[in-house]
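# Close look at the chain arrangement
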Amino acid sequence: MIIGLTGSIASGKSTVAAMLKEKGYALVDADAVARQVVEPGTETLARISRAFGEDVLQADKTLNREKLGALIFNDPNSRKKLNDIIHPAIRQEMLRQREEWLANGAQTVIMDIPLLFESKLEHFADKILVVSVSEENQLARLMQRNGLTAQDARARISSQLPVSEKEKRADAVIYNNGSIAETERQLEWILEKWNAAV
Ligand SMILES: CC(C)(COP(=O)(O)OP(=O)(O)OC[C@H]1O[C@@H](n2cnc3c(N)ncnc32)[C@H](O)[C@@H]1O)[C@@H](O)C(=O)NCCC(=O)NCCS
Ligand SMILES: Nc1ncnc2c1ncn2[C@@H]1O[C@H](COP(=O)(O)OP(=O)(O)OP(=O)(O)O)[C@@H](O)[C@H]1O
């Protein structure tokens, strides 16, 4: 079974992904893959620097994530330009990792993909698990985790589909507004249900 794990920015996907990893599940992490495909020397990084200028590179030729983030989270055209360059490379590497896990005998693979719905990748998964959070908690957690102003945090939140929309399209939803232990209990209940059905 392939489980697509998604949600909105700072909803708690990585927190849930860490729980799944701890339980021994195979995991493909789109954010980690997104870092891998822009390592120095990659064609994708060269294309990004041609499209956005050398300014988005640091002195050591690694990607200046802060600078590129400030551009793309505040401007839909820049975001589309980056997505058009980087998403094909991310998709290809995620599928490669999924196949590798399956070839190594994994029965279930978790694909943690923040933009699963926005990028129309529903077909990557048999079941879709959405991690949801209230607007209030999302804003507070994002501001705190990334040290952002409310304005910058809102720009990031509005660059994705609203979490209420994602909930409607989910096979199961985890409401991550309480304690970490409550979130883990919801996860265990969903896994029990899905594992019993296969
Ligand atoms: C713009 C970049 C360099 C900013 O890096 P930064 O370290 O600040 O953020 P990080 O990569 O940890 O992403 C944090 C979260 O932002 C959100 N996010 C990232 N990219 C996008 C995007 N293009 N559109 C909407 N939301 C996005 C996701 O929820 C993600 O989990 C980076 O996010 C990036 O390369 N984005 C493009 C790749 C992408 O779409 N990644 C999302 C998963 S496929
Ligand atoms: N139940 C919770 N109670 C309090 N804080 C939490 C809870 N769940 C997650 N957090 C915190 O909220 C922040 C966002 O969580 P996390 O990084 O898991 O979200 P994410 O959905 O993976 O975000 P992104 O899309 O940006 O990668 C983190 O700082 C995390 O420690």
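Model, not experiment: these values are computed from the prediction. (Residues numbered from 1 in each chain as written. Chains lettered and ligands numbered in written order. Predicted model: local features only at pLDDT ≥ 70, side-chain atom pairs only at ≥ 80, totals over all residues. Heavy atoms only, no water.)

## Remarks on the domain arrangement of the chain
By the assigned domains, the chain splits into domain 1 (1-25 + 106-198) and domain 2 (32-105). Centre-to-centre, using C-alpha coordinates, domain 1 lies 22 Å away from domain 2. At the interface, 13 residues of domain 1 touch 13 residues of domain 2. Of the roughly 1200 Å² buried between domain 1 and domain 2 on both sides combined, carbon and sulfur atoms contribute 66%. Taken together, the links from domain 1 to domain 2 amount to 0 salt bridges. Applying the counting criterion to the domain 1 and domain 2 interface returns 3 residue pairs in polar contact (both at pLDDT 80 or more). Class assignment of the residues belonging to the side of domain 1 that touches domain 2 gives a composition of 9 nonpolar, 3 polar and 1 charged. (Domains from an automatic or database assignment. Contact = heavy atoms within 4.5 Å. Buried area = accessible area lost by both parts, 1.4 Å probe. Salt bridge = Lys/Arg side-chain N within 4 Å of Asp/Glu carboxyl O. Polar contact = N/O pair within 3.5 Å; in protein donor to acceptor, adjacent residues only side chain to side chain. Nonpolar A, V, L, I, M, F, W, Y, C, P; charged D, E, K, R; others polar.)

## Describing the packing of helix α3 (residues 43-52) against helix α5 (residues 76-103)
Following both chains from N to C, one finds α3 and α5 inclined at 165°, their axes separated by 10 Å at the closest point. One finds that α3 runs roughly antiparallel with respect to α5. At the point where α3 passes α5, the crossing takes the right-handed sense. Along the contact surface, α3 presents T44, R47, I48, A51 and F52, while α5 presents S78, K81, L82, I85, I86 and A89. Per-class residue counts for the contact of α3 with α5 are 7 nonpolar, 2 polar and 2 charged. (Axes fitted to C-alpha atoms, helices over the stretch in contact; angles between N-to-C directions. Helix = DSSP H or I, 4+ residues; strand = E, 2+ residues; numbered from the N terminus. Parallel < 35°, antiparallel > 145°, perpendicular 65-115°, else oblique. Left-handed = near helix turned anticlockwise from the far one by under 90°.)

## Considering the pairing of strand β1 (residues 2-7)
Two faces belong to every sheet, and in a regular strand the side chains alternate between them. The element β1 is extensively covered by neighbouring structure, given that 6 of its 6 residues are classed as buried. Residue alternation in β1 divides its side chains into two sets, I2, G4 and T6 and I3, L5 and G7, and both sets are buried. When β1 meets strand β3 (residues 109-112), the two strands line up parallel, connected through 4 bridges. Paired with L5 across the strands is D112, a residue of β3. Of the pairings in the sheet, the one linking β1 to strand β4 (residues 127-132) comprises 5 bridges and is parallel in character. Bridged to G7 within β4 is V131. (Buried < 20%, exposed > 50% of the residue type's maximum accessible area, 1.4 Å probe, protein only. Pairing = 2+ DSSP bridges.)

## Observations concerning the site of ligand 2
Taken together, 14 residues form the shell around ligand 2, and within it K13, S14, T15, R145 and N176 come nearest. Take N176: an N or O atom from its side chain is 2.8 Å from a nitrogen atom of ligand 2. Protein coverage of the free-state accessible area of ligand 2, which is 630 Å², stands at 75%. At a threshold of 2 Å from the grid points, most atoms of ligand 2 map onto the largest pocket. Those elements that place two or more of their residues in the shell around ligand 2 are α1 (13-22) and α6 (135-146). Per element, the largest residue contribution to the shell around ligand 2 is 3 residues, and it comes from α1. (Near = heavy atom within 4 Å. Areas by Shrake-Rupley, 256 points an atom, 1.4 Å probe, with all protein chains shown as cover. 1 Å grid on protein atoms, 1.4 Å probe; cavity = no way out; pocket = protein on both sides within 12 Å on 5 of 7 lines; lining within 4 Å. Sits in = over half its atoms within 2 Å of the grid points.)

## Comments concerning the environment of N177
Considering the arrangement of structural elements, one finds N177 in the loop between β5 (172-175) and α9 (180-197). By relative accessible area, N177 is classed as partly exposed at 35%. Considered as a pair, N177 and N137 are 40 residues apart in the sequence and their alpha carbons are 7.0 Å apart. Not counting residues up to four positions away in its chain, the partners in contact with N177 are V133, S134, N137 and R141. A polar atom in the side chain of N177 sits 2.9 Å from the side chain of N137.

## Some details on the environment of E39
Relative to the elements of secondary structure, E39 occurs in the loop between α2 (30-36) and α3. E39 sits in the partly exposed class, given a relative accessible area of 44%. Taking C-alpha positions, E39 is 9.1 Å from K61, a pair spaced 22 residues apart along the chain.

## Here's the deal with the site of ligand 1
Taken together, the neighbourhood of ligand 1 is formed by 19 residues, with D31, R65, N83, H87 and Q160 sitting nearest. R65 has a polar side-chain atom sitting 2.9 Å from an oxygen atom of ligand 1. One of the side-chain N or O atoms of N83 is found 2.8 Å from a nitrogen atom in ligand 1. Burial of ligand 1 by the surrounding chains reaches 91%, relative to a free accessible area of 760 Å². In a pocket analysis with a 2 Å cut-off to the grid points, ligand 1 is assigned to the largest pocket. Mapped onto the shell around ligand 1, the elements with two or more residues apiece are α2, α4 (65-72) and α5. No other element matches the 6 residues that α5 contributes to the shell around ligand 1. When residues are assigned to domains, the shell around ligand 1 turns out to be shared by domain 1 (1-25 + 106-198) and domain 2 (32-105), each giving three or more.

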